[in-house]
Amino acid sequence: MARSRSGTRNMRGPRKPPRRTDGVATAPVQTAEPVSRGAVEIPNSITVKDLAELFGVNPADVIRELIKSGIFATINQLIDRDTASLVAAELGFEVAEAAAPEQAEAKNGKEAPTPQATKEVLFEEDDASLLQPRPPIVTVMGHVDHGKTSLLDAIRTTTVASGERGGITQHIGASEIDKDGRRIVFLDTPGHEAFTAMRARGAKVTDIAVLVVAADDGVMPQTLEAIDHAKAAKVPIVVAVNKMDKADANPERIKTELSEHGVVIEEYGGDTPLVLVSAKTGAGLTDLLDTILIVADVQELKANPKRSAIGTVVEAELDKGRGPVATVLVQTGTLKVSDIVVVGDTYGRIRALENSRGVRIPKAGPSSPAVILGLAEVPAAGDILRVVVDEKAARQMIEQRRAGAAPEQTGRATLEDLYRQIQAGQTKELRVILKADVQGSLGAITHSLEQIQDEEVRINILHEGTGDITDNDILLASASNAIVVGFNTKVDPQARRTAEAEGVDVRLYDIIYQLTDEMRAALSGLLEPVEVEVVEGRAEVRQIFKSGRTVICGSYVTDGRIVRGGARVYRSGKLIATDKIESLRRFRDDVREVQTGYECGIGLVGFNDAEVGDIIECFSQQTVSRVVSA
């Protein structure tokens with residue numbers, strides 16, 4: 001049963017609440033507490049008209065709430081129970097829970113934990129004893145037409161055909177397969193561009209990168225980009241040499257080319273596994289999965305399933321029938337139906353979860369992809385999902401983010417920012433994305449920049465290539481906190497807009513020595529200045545004056561100048577005291593300094609045993625800038 005907005009209990013039949021004067025559905029925070037109403041029973045499907053009658057409201061109110069969620073429904077259109085529950089919550093009505101295993105246990109005398117009771121401990125730091133092994137999350141990258149999609153399809157087909165449990169989930173952006181009782185999650189991303197776009201937003205979703213290289217084609221430009229992106233993310237690489245079924249396959253050439261670009265395979269003494277595969281015949285696929293699991297074991301991937309869920313949006317869209325729909329990869333914790341989540345600049349209550357096979361599930365644990373329904377707006381790929389305690393906390397977090405104070409925001413790299421970061425111990429290198437017009441110029445610039453070095457700071461070229469500066473270069477710079485340097489090249493319009501939006505520093509040059517000089521000057525400016533001791537001058541003690549406990553050394557300045565500050569006293573060429581000049585006078589006047597050839601009275605702070613003939617040397621500490629060696 002439900003109560004009207006005035007709080008009076010209704011009998012069965014259409015409910016007619018008092019007429020509202022604002023004409024707008026009242027938000028939940030403005031209504032009576034749900035516990036003051038009876039719980040409304042909602043069937044698995046119901047028309048908009050029947051739902052309005054069930055609540056005793058105008059059908060236009062229900063349609064208005066549906067439109068707010070991005071669902072455009074007519075009065076006679078059927079909507080599912082989850083959508084109807086969302087409308088009920090917005091109109092201030094409580095919905096009777098559908099029977100669930102937890103509720104069944106409660107009815108049998110076992111008290112099921114309430115979501116609120118669980119959330120009370122969700123934000124404590126993870127205890128090592130609570131961490132449990134989790135499946136690896138794998139991203140497949142490589143050059144176009146080298147068989148990334150074919151390889152994923154072959155892995156799915158093989159695991160399903162062999163009778164192992166696996167989800168074929170191309171529509172949700174992630175695939176789960178089972179290998180010998182262990183899960184592996186593959187992200188269906190378009191490539192390293194999307195991979196880096198996620199990282200640029202603060203998302204670190206990948207545990208292992210599988211680099212696909214065609215055996216008949218070799219290492220290509222996009223292969224090198226994928227390598228640079230994986231290295232920048234500090235993700236271990238597994239090389240899959242595909243198309244081994246072709247007659248002109250030449251894996252040895254690929255091994256050599258990879259070594260030339262910093263990817264040294266295990267056969268050559270490196271730490272990068274390489275597996276020969278064929279997506280067409282299925283050869284080597286089992287070895288590839290075994291290798292992925294071995295690399296995962298080395299990393300000891302773990303997460304705490306009992307804490308609040310944190311995940312990343314893989315992809316999202318507006319579904320005409322279901323509203324905003326997002327595919328989320330849960331990275332830690334357990335995401336449950338009815339959880340309140342903040343995702344990017346939007347939030348909502350999870351009203352439905354679907355697994356990789358499109359089946360409704362009550363919860364999703366670490367390394368699990370899941371489709372979520374219930375968000376107010378469509379989030380962006382790469383947005384971070386966090387479970388919060390209540391809607392008030394969600395609104396506060398959204399307000400902070402929209403005000404520019406989001407916890408995930410990070411400062412971008414400009415030459416002006418890096419000195420501050422070095423002082424804070426955040427970085428010891430100037431990261432550069434380098435683009436040039438031709439390969440010859442690129443080689444010359446790279447060689448010149450490598451000569452600029454220092455023990456404390458250095459230039460780290462994350463990626464280099466020829467051609468215009470593209471959106472992909474900006475994304476890599478944004479994700480890696482790097483600057484973009486171009487020589488005899490230009491920035492394409494989309495990349496320029498992205499650079500402005502992300503705050504990435506782009507510098508263009510047409511003379512090599514100007515480029516190297518500015519980079520050297522930049523590194524020199526990033527070096528923290530040092531404190532050095534400077535000897536200001538010396539004076540010979542020629543007379544001692546005593547006034548009570550105070551001893552004044554009547555002295556003659558023999559070298560430099562005498563100023564207040566540090567002082568050392570020498571006798572017969574040996575250091576006998578280190579002190580500080582407290583007073584400095586000429587005749588009866590206090591002075592700031594006394595130059596060579598003049599007499600003065602020097603008063604030391606603590607040393608009172610000076611003798612005629614002693615030498616007083618004064619010194620100061622000065623801050624000196626340093627220059628990076630060529």
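Keep in mind that this is a model prediction, so the values were computed, not measured.

(A) Just the side chain of S367, in detail. Tracing the backbone through its elements, the reader meets S367 in the loop between β17 (363-364) and β18 (368-375). Using a relative accessible area of 0% as the deciding quantity, one classes S367 as buried. A polar contact is formed between the side chain of S367 and the backbone oxygen of P135, at a distance of 2.8 Å. When residues no more than four places from it in sequence are discounted, the contact partners of S367 are R134, P135, I137, R183, V185, L329, V330 and Q331.

(B) The packing of aromatic side chains, seen in detail. Throughout the structure, instances matching the rule amount to 1 aromatic pair. Seen from their ring centres, F55 and F93 are 4.8 Å apart, and the 10 degrees between their planes marks the pair as stacked. With a gap of 38 residues between them, F55 in helix α1 (residues 48-55) and F93 in the loop between α3 (81-91) and α4 (101-107) connect regions that are remote in the sequence. Residue classification places F55 among the buried positions, given a relative accessible area of 2%. Taking relative accessible area as the criterion, F93 reaches 5% and is therefore assigned buried.

(C) Structural context of the nonpolar core. Residues L151, I155, I184, F186, L288 and I292 are the most contacted members of the largest nonpolar core, which totals 25 residues. Breaking this core down by element, the ones donating at least two residues are β4 (137-142), α6 (148-161), β7 (182-187), β8 (208-214), β9 (237-242) and α10 (285-299). Top contributing element to this core by residue count: α10, with 7 residues. The residues contacting I155, other than those within four sequence positions of it, are I177, F186, L285, L288 and L289. Ranked by size, the runner-up nonpolar core spans 20 residues in total, among them V557, V563, A577 and V594.

Scoring rules and cut-offs
- Residues numbered from 1 in each chain as written.
- Predicted model: local features only at pLDDT ≥ 70, side-chain atom pairs only at ≥ 80, totals over all residues.
- Heavy atoms only, no water.
- Helix = DSSP H or I, 4+ residues; strand = E, 2+ residues; numbered from the N terminus.
- Buried < 20%, exposed > 50% of the residue type's maximum accessible area, 1.4 Å probe, protein only.
- Polar contact = N/O pair within 3.5 Å; in protein donor to acceptor, adjacent residues only side chain to side chain.
- Contact = heavy atoms within 4.5 Å.
- Phe/Tyr/Trp six-rings, centres within 6.5 Å; stacked < 30°, edge-to-face > 60°.
- Core = buried A, V, L, I, M, F, W, Y, C linked by side-chain atoms within 4.5 Å.

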